[in-house]
Protein chains: 2
Amino acid sequence: MDSITDAAERLLQTTGSFTMPKLAKSLGVTASSLYNHISGREEIIELMRGRLLAQFPIEETTPGDWQDLVLSMLRLMRRAYCSVPALGPLLFTQTITHPAVISMYDRMATQFSEAGFADEELIPLISMLDSFAFGAALDHDAPHDVWEFPVAHDAEPSPLQRAIADNDPATRAERSFEYGCRLLIDGMRLQRER
Amino acid sequence: MDSITDAAERLLQTTGSFTMPKLAKSLGVTASSLYNHISGREEIIELMRGRLLAQFPIEETTPGDWQDLVLSMLRLMRRAYCSVPALGPLLFTQTITHPAVISMYDRMATQFSEAGFADEELIPLISMLDSFAFGAALDHDAPHDVWEFPVAHDAEPSPLQRAIADNDPATRAERSFEYGCRLLIDGMRLQRER
DNA sequence: ACCTGAACACCGTTCAAGT
DNA sequence: ACCTGAACACCGTTCAAGT
């Protein structure tokens, strides 16, 4: 059913997780009745992923602008990895055979090559971008408080403690990811100019 | 207790997961009896984290050289995450409370701050480095053939296909990681100069 | 066709009771 | 001091029974 996927997405967005009983309750129904419409929890996750990827087609980049391509690819990959947290590690440690995904990587490589990156850089470059997108995806599921300092009310706060105090936990992962994207693209630009 | 951490690590290495009942059973004891020695599941994970990082002492870095610190930190974090593959996702999704680990992050923040990075950049910066190190660690366990092209012997090979043909699978992850480190540090240098 | 309620096999954790 | 066994509040999933 489509409304189940809706409810699951809503639940994930509000509470950060979803369980079958809670999902059923939000639909005014019993957990067991969900199984009349879907095969199980995993199918719901798959449905959400499908919806997510359909939402973000990869065609939206400026032709010839490799920096634009990197940014949208990183965002796309992160979203994909985010959508199925438990499946992420599996995707990441399995040979990619899906033609559409292959052609996505191929397109990146081609554009990098045309932009002037050396052939022997292509694989390190793409692997590296992939690693970052994947790490950032898991970072998205990190707890709000990444660091918890031992209580010590005598000493003055360290730079990290001050930064934590000023930090908005709700947007930390997102900002860190975007910051990282910019840094990587800057680094790539520098590298391209030898 | 120390033997609990041992058993948990052993369980993770063999089965890829650990639960309190199974952990207890592997020690010939009941799940509830574990709570005489540790406060709960999270503490066991924290103990494993501490042990993991103690195993990989921080390299001697040149004092004041933030670029040197970034490089050795990235290498340290990656090796730590690599050492027990199944542990990575657990560590990454739990609040860090271990004092030694906290102080490691604190040291990075302090040095970045002294190097001239803005306070509001510290958390994105550190999160981003962490994401990359973690992603690179999981990339290390990726299959030798990351991409598998559909067979098509008529068309000429794409840049990615040529790059794959010239690629040494045994060192791909390592080279990609080092390449990424350089790119990130370059990006950081550019960012520091506004 | 769709829902319910009970049941099953799991979790992590608590606590009174034993030794 | 340490362990046990029962209990609690959760999971995801199955299935006979109802409408």
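This is a predicted model, so every value here is computed, not measured.

Draft legend 1. Region of the structure containing the overall build of chain A. When you go through chain A residue by residue, the secondary structure sums to 9 helices and 0 strands. Helices and strands in chain A line up, N terminus first, as α-α-α-α-α-α-α-α-α. Seen through its principal axes, chain A has C-alpha atoms that stretch 60 × 60 × 30 Å. Counting the 194 residues in chain A, one finds 43% classified as buried. Put simply, of all contacts in chain A between residues at least 6 apart along the chain, 67% involve residues at least 24 apart. Accessible area for chain A stands at about 9900 Å²; split by element, carbon and sulfur atoms hold 55% of it.

Draft legend 2. Expanded view of the UniProt feature "DNA-binding region" (unreviewed entry) in chain A. UniProt records the feature "DNA-binding region" (unreviewed entry) at residues 19-38 of chain A, using the numbering of this structure. The distance separating the terminal C-alpha atoms of residues 19-38 of chain A is 14 Å; by composition the span is 35% helix and 0% strand.

Draft legend 3. Region of the structure containing the nonpolar core. Counting 105 residues, the largest nonpolar core has Tyr105, Phe112 and Leu129 of chain A together with Tyr105 and Phe112 of chain B as the members making the most contacts within it. Once you skip the residues sitting within four places of it in the chain, Phe112 of chain B turns out to touch Trp66, Val70, Phe117, Leu122, Leu125, Ile126, Leu129 and Met188 of chain B. Membership of the second largest hydrophobic core comes to 13 residues, among which are Ala7, Ala24, Leu34 and Met48 of chain A.

Draft legend 4. Region of interest: the protein's contact with DNA strand D. Looking at DNA strand D, there are 15 residues lining it, with Met20, Pro21 and Tyr35 of chain A together with Ser32 and His37 of chain B nearest. If you look at DNA strand D and keep only atoms within 4 Å of the protein, 58% of those are sugar or phosphate atoms. One of the side-chain nitrogen or oxygen atoms of Lys22 of chain A is found 3.5 Å away from a phosphate oxygen of DNA strand D. Take the surface near DNA strand D: its biggest share by element is 3 residues, from helix 2 (residues 20-26) of chain A. Residues of the surface near DNA strand D, tallied by class, amount to 5 nonpolar, 8 polar and 2 charged.

Draft legend 5. Seen up close, the protein's contact with DNA strand C. DNA strand C sits among 14 residues. The nearest are Ser32 and His37 of chain A together with Met20, Pro21 and Tyr35 of chain B. Take the atoms of DNA strand C that sit within 4 Å of the protein: sugar and phosphate atoms are 59% of them. A distance of 3.4 Å separates a phosphate oxygen of DNA strand C from a polar atom in the side chain of His37 of chain A. Within the backbone of Met20 of chain B, one N or O atom sits 2.7 Å away from a phosphate oxygen of DNA strand C. In terms of residues, the surface near DNA strand C owes the most to one element, helix 2 (residues 20-26) of chain B, which gives 3 residues. Of the residues contributing to the surface near DNA strand C, the split by class is 4 nonpolar, 8 polar and 2 charged.

Draft legend 6. Empty space enclosed by the protein, seen in detail. Evaluation of the coordinates by the stated rule reveals 2 cavities of 30 Å³ or more. Around the largest cavity sit 16 residues that line it, and Asp139 and Val146 of chain A together with Phe92, Ile96 and Asp130 of chain B are the ones nearest its centre. Within the residue set of the lining of the largest cavity, elements represented by two or more residues are helix 5 (87-92) and helix 7 (119-139) of chain B. For the lining of the largest cavity, the element with the highest residue contribution is helix 7 of chain B, accounting for 3 residues. Every residue lining the second largest cavity is listed: Arg49, Leu52, Leu53, Met77, Ala80, Tyr81, Leu91, Ile96, Val101, Met104 and Tyr105 of chain B. Looking at the lining of the second largest cavity, the elements that each hand over two or more residues are helix 3 (41-55), helix 4 (66-83) and helix 6 (99-115) of chain B. Split into classes, the residues belonging to the lining of the second largest cavity amount to 10 nonpolar, no polar and 1 charged.

Cut-offs applied
Each chain has its residues counted from 1, following the order in which its sequence is written. Written order determines the labels here, with chains lettered from A and ligands numbered from 1. A pLDDT threshold of at least 70 governs which residues receive local features in this predicted model, and a stricter bar of 80 or more applies before side-chain atom pairs are shown or counted, although totals over entire chains, interfaces and linings include all residues. Only hydrogens and water are set aside; all other atoms, that is, all heavy atoms of the structure, feed into the side-chain values. Strands are runs of DSSP state E lasting at least two residues, helices are runs of H or I lasting at least four, and both sets are numbered from the N terminus onward. Type-normalised accessible area, obtained with a 1.4 Å probe on protein chains alone, sets the label of each residue: buried when under 20%, exposed when over 50%, and partly exposed for intermediate values. By definition, residues are in contact when any of their heavy atoms lie within 4.5 Å. Here the open area of atoms and residues is found with the Shrake-Rupley method and a 1.4 Å probe, where only the protein chains shown may cover a residue. UniProt positions are given in the numbering used here, feature names are shortened, and annotations may be inferred rather than shown by experiment. Side-chain atoms within 4.5 Å are what join buried Ala, Val, Leu, Ile, Met, Phe, Trp, Tyr and Cys residues into a set we call a nonpolar core. Nearness is defined per residue: one heavy atom within 4 Å of the molecule or strand is enough. Distance and chemistry together define a polar contact, namely a pair of N or O atoms within 3.5 Å, with one atom able to donate a hydrogen and the other to accept it when in protein, and with adjacent residues in sequence counting only for side-chain atoms on both sides. Three residue categories are used. Nonpolar comprises Ala, Val, Leu, Ile, Met, Phe, Trp, Tyr, Cys and Pro, charged comprises Asp, Glu, Lys and Arg, and polar comprises the others, including Gly. Note on definitions: the grid is 1 Å and covers protein atoms alone; a cavity is a set of points where a 1.4 Å probe fits but cannot get out; a pocket is an open set with protein on both sides within 12 Å along at least five of seven lines; lining residues have an atom within 4 Å of a point. Grid points are joined across faces, edges and corners, and a volume is the space filled by probe spheres set on the points.

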